[in-house]
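Below, each chain spelled out in residue letters.
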Amino acid sequence: MKVGIVVFPGTNCEEDTYRALKFLGFNCSYIFHNEYIDNLFDYRMIILAGGFSFGDYIASGRLAKFSPIICKIKEYIENKAGLVLGICNGFQILCEANLLPGVLTFNNNNKFISKSVNLKLNYKTWDLNLNLPIAHFEGNFYANKNDFKIIKEKKMDFLKYNQNINGSMDFIAGLYDNNNCIIGLMPHPERAIFEYSKSQDGRLFFEFIKENILLKI
Amino acid sequence: MKKNIYTLTKKEYKTIVKRLGRELNDFEILIFASMTSEHCSYKHSKRYLKKLKNKNVIMQDQNAGAVKFGNNNYIFFKLESHNHPSAVSPYEGAATGIGGIVRDILTLNCKCLLLGNSIKFGNFDNKKNENLFNEVVRGISTYGNSIGIPTVCGETQFLDCYNNYAIVNVLALGVVNPNDVILSNAKPGLKVVILGSTTGRDGVNGATFASKSLNDDINDEQKNDKLSVQISDPFMKRKLIMGLKEIFDKKLVYASQDCGAAGILSSTSELVSKGHCGVNLYLDKVHLRQDELSPQEIILSESQERMVILVEDYNINQVLSIAKKHEIGVSIFGETIKDKKYNVYFNNELLASLPPNILTNAFEYRLKVKKPKYIKILEKIKFEHNNNNLDLEYDICKILSHPNFKNKSHIFEQFDSTVGNKTIIEPSMCGGVSSIYIDKDNILGVSIDSNPQKVYLSPKNGVELSFIESYRKLVARGFNPVGVTNCLNFANIENKDISYQFVKSVEGLANISKKMNVPVVSGNVSMYNETNNKPIFPTVIFAMVGCLDNYKTIISNCFSNNETIFLLGEPIDDNMNIGASFYQYVLQDKVCGKIDKVNYNKEILYRNIIFDLNKKNIINAISPVHTGGLFAALFKGLLKNKLGFSGTLIFNLFKNDYYKELFGECANPRYLISTTKQNELKEIFDINNIDYKILGITNSNKTISFNKMTFDKTLFYRSFIDT
């Protein structure tokens, strides 16, 4: 299964994601953000990896949304060519680019938080308890009334923190836009794959992605 | 520019003139002032550091040294200080400290695998210290997290001697295939290329500024000092990491050197001096942040995120196009030549022409050494507790809740410890060793440690004891120690007491590293660490690396329910010295007594026993005894599962000073071992004639009890964990 991992200047989780997905049997390649590409239709999944795209200056993800690759991703989404998955900084970019509702702002303790957290993944028949690492400064999810209504109506809030670690509205850790096939989440499932890691729950997460989404597209 | 000359004395000036056979022009004086500053030239320490040379270390003369790790890897690692900048501008100082050490590793074409730090401040009763602390942590967090390298280990201490000041030492470690190492030795006929950020006015004179004592009475000078601190740009560093990787991977670089202290000047002069050749530099060709920079400022600027690489003519175009792709600035500003001359041009005018070997190796001093009075006085003071009127419960809580001992999760949770996806052991409340996966047969363990009070009391034995504590921490998790790096932070070296501390510390380090067969891979010296003429304690930081061939054999550091706890080693008795133990400082604010010599053979014997027991699957967890003594080690073992305990901790001194036995730190090795196979373990110890005691059994009760005293365990856990 072909997966494209998008690299902006400042992205720093591309190798982590590559190694993890390769281990899970995906066929990965990097896509540099300003590289010339006709379209992305060959890929079953496009991943926006974690990091600090363009230094996260001004606000996380705000500059990345102007990159040429974002147009190609929009085209990819419109054509329903596959899944777009944004992890951490990728989630922030998706929100900034209006591909997912809401925004991610500074954690309510105004500090970077790096630790393992317990999460609940709830979608249709899937009900998983996950333990995944988080590592972010701007993971505090907020949506205005209108956006929040949309989230609830479309049941987008598929991933929630058990304890509200960063001040996120309604404990939201990730969103899944089922119609457009877009997922964004703050935790790092790619860092919980290998046997030597503290948790292997990332495997469950990608199993969910594979069985529930990729096989149906 | 007058300020610059403050590190060049008249005598030194005369010596240089004599060696050159001519007077220097103003520009050349400036160059010499920077290059002969303590920070760049190590003129006071060089002679003594030679004792640390070890033939098992690979490339000791490069930016960092290495040890072989497994069959196909070199591990390069180094600690570096950034105290002066951090004291003046804590956020930028700490951030650029990491930037600097990462470049040292990067320039060798290593993949940087981990970061660590050791930070020290004054107590929080002074608001300024709290601010310094918060800003330093924020600097490390912002910079370290952005560049995609996990911060896996660290230590933090608060002591009065660091009042209004900050010790910021940072560690970086990288791995490389031996065939791919890129050295910093030039040869003639190469283009000199500067890669990365623009050169600006920040950090001009950083090297000379870091070679004097700071004094916060003089406001003018402080303003000037602020300009000497560099500005960090982690985003540019990330781009530089990615761009350099591509340039290195395509083998386009002949030699490389990071631009750190004294900027272009020191990086280029070191390149040509190591390569026994010369260079023509054209400073007007360097890409600048602002116009109107003088040549002095260009050559001395310590603007961050820059590297100097030497490239063959035919590779230049490829280098330029990779730089463009990654949006990194680049300029070609010189070429190396056969003639051993360091020539600097600006707009076609020759500003300086000097022999590189004098530039990089001008002075070497001998220090005067005499045992200071204060040590003689402190050694004689006896530390005793009167057993009447003791409130042990209160005192234990006081020790556990002391900022230097208690839970540090509020610090390390601000550092991304899992990026890189190779972290096996993350930082935890128990402290100790962290671990990184290199490949399936090579697991790396690392620990950072220091003990300023012990080194203050007895420089030689104190350093040996700090060293051995790192050693024991690694052994306790099953890692075999293979190399160590160090950062020696001292006060004004021209003071006799301080030079004694320094010389004896280095002696101790050289001795124990040889005895334990753990070579000193690299190091850094930082002098003149004082404010208002108050010297800091001699602060010797160690970062030790150990190896293991299978991560499944890592030994746990937390006891489980219903296990028997053994003490491997002897309980403390009347004859042992416990000078500068942590509890003495916490309970009575005293640093006194004597420190015994480390017993090298016993250390090695215990290591072998532990590895053997681990292989035989007889032990479940180990907690080494160090800061806080026997009780603290037991507490840390019980901590994760919040267990109770019942047994004996006092064997010898129950009649007189039992605090000594509970909390004292002696030089002999001691480990707490938990097991469910107590009979087998007992038999092995008995047959081999090894000292041990059975302390007791862990349980799920609400209490921790020993020697007929019972305490509420939740009280202890709360003291330790709550912030």
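Heads up: the structure comes first, above all this text.
Numbering of residues begins from 1 in every chain and follows the order in which that chain's sequence is written. For naming, the first written chain is A and the first written ligand is 1, with later ones following in the order written. Reporting of local features is limited, given that this is a predicted model, to residues whose pLDDT is at least 70; pairs of side-chain atoms are given and counted only at 80 or more, and all residues count toward the totals for whole chains, interfaces and linings. Just so you know, side-chain values use all the structure's heavy atoms and leave hydrogens and water out.

(A) Looking closely at the overall build of chain B. Check the secondary structure of chain B and you find 26 helices and 27 strands. In terms of overall dimensions, chain B is globule-like: its C-alpha atoms have a radius of gyration of 26 Å, near the 27 Å expected for 723 residues. Each of the three principal axes of chain B carries a C-alpha extent, and together these read 85 × 55 × 40 Å. A simple rule labels every residue: compare its accessible area, found with a 1.4 Å probe on the protein chains alone, to the largest value its type can have, and call it buried under 20%, exposed over 50%, or partly exposed in between. In chain B, which comprises 723 residues, the share counted as buried stands at 66%. Here, two residues are considered to be in contact whenever any of their heavy atoms come within 4.5 Å of each other. Within chain B, contacts between residues at least 6 apart in sequence are counted, and of these 84% link residues at least 24 apart. Using a 1.4 Å probe, accessible areas were evaluated by the Shrake-Rupley method; residue-level cover was limited to the displayed protein chains. Carbon and sulfur atoms make up 46% of the accessible area of chain B, which amounts to about 26300 Å² in all. Comment: elements are numbered from the N terminus, with helices defined as DSSP H or I runs of at least four residues and strands as E runs of at least two. Only the C-alpha atoms count toward the radius of gyration. The rule for a globule is 2.2 Å times the residue count to the power 0.38.

(B) Molecular detail of unusual backbone geometry. Notably, Ile58 of chain A is not glycine yet its phi reads approximately 70 degrees, a positive angle. With respect to the secondary-structure elements, Ile58 of chain A resides in the loop between strand E3 (45-48) and helix H2 (68-78). Even without glycine at this site, Asn347 of chain B takes up a positive phi of about 45 degrees. Structurally, Asn347 of chain B is set in the loop between strand E11 (342-346) and strand E12 (349-354). Owing to a relative accessible area of 51%, Asn347 of chain B belongs among the exposed residues under this scheme.

(C) Up close: a nonpolar patch on the surface. Residues and elements named next belong to chain A. A contiguous nonpolar surface patch, about 440 Å² in accessible area, is contributed by Tyr57, Ile58, Leu63 and Phe66. With respect to the element layout, Phe66 can be found in the loop between E3 and H2. Residue Phe66 is classed as exposed on the basis of its relative accessible area, which comes to 62%. Patch criteria: residues need more than 30% relative accessible area and no salt bridge. Like-charged residues are merged within 9 Å; nonpolar side chains of Val, Leu, Ile, Met, Phe, Trp and Tyr are merged within 5 Å. The term salt bridge refers to a side-chain nitrogen of Lys or Arg lying within 4 Å of a carboxyl oxygen of Asp or Glu.

(D) Looking closely at the interface of chain B and chain A. Taken residue by residue, the interface counts 32 residues in chain B and 34 residues in chain A. A 1.4 Å probe defines the accessible area here, and the buried area is the portion of it lost by two parts on being joined, summed over both. Interface area, chain B with chain A, both sides summed: about 2600 Å², of which 51% is carbon and sulfur. Ranking the residues of chain B by area buried against chain A places Phe235, Glu413 and Asn421 of chain B at the top, with a combined share of 25%. Counting the contacts that link chain B with chain A gives six salt bridges. Among the ionic pairs, Lys111 of chain B bridges to Glu15 of chain A, the shortest N-O distance being 3.4 Å.

(E) Spotlight on a positive patch on the surface. All names here are of chain B. A positive count includes Lys and Arg, and a negative count includes Asp and Glu. His and the chain ends are not counted in either. Note on charges: their place is set at NZ of Lys, CZ of Arg, CG of Asp or CD of Glu. Residues Lys368, Lys370, Lys373, Lys376, Lys380, Lys496 and Lys594 make up a contiguous surface patch of positive charge. When residues of the positive patch are assigned to their parent elements, the largest contribution, three residues, is made by helix H15 (residues 373-380). Mapped onto the fold, Lys368 is located in the loop between helix H14 (356-360) and H15. Judged by its relative accessible area of 62%, Lys368 falls in the exposed class.

(F) Main features of the sheet that holds strand E26 (residues 703-706) of chain B. All names here are of chain B. Read across the sheet, seven strands follow the order E22-E24-E21-E25-E23-E26-E27 without closing on themselves; strand pairing throughout is mixed. In the strand order of this sheet, the two ends are held by strand E22 (621-624) and strand E27 (709-712), each with one partner. Strand-to-strand twist in this sheet, taken as the mean axis angle between neighbours without regard to direction, amounts to 25 degrees. DSSP calls a pair of strands paired once it identifies at least 2 bridges connecting them. Note that strand E21 (residues 564-568) and strand E25 (residues 692-699) share five bridges and pair antiparallel. Looking across to E25, one finds that Phe566 is bridged to Ile694. Relative to E22, helix H19 (residues 459-476) is tilted by about 175 degrees, and along the sheet it contacts E22 and strand E24 (671-675). Across the sheet, helix H22 (residues 600-615) touches E21, E22 and E24, and the angle it forms with E24 is around 15 degrees. For helices, the fitted line uses only the C-alpha atoms of the stretch in contact; every axis is such a line through C-alpha atoms, and the angle between N-to-C directions lies from 0 to 180 degrees.

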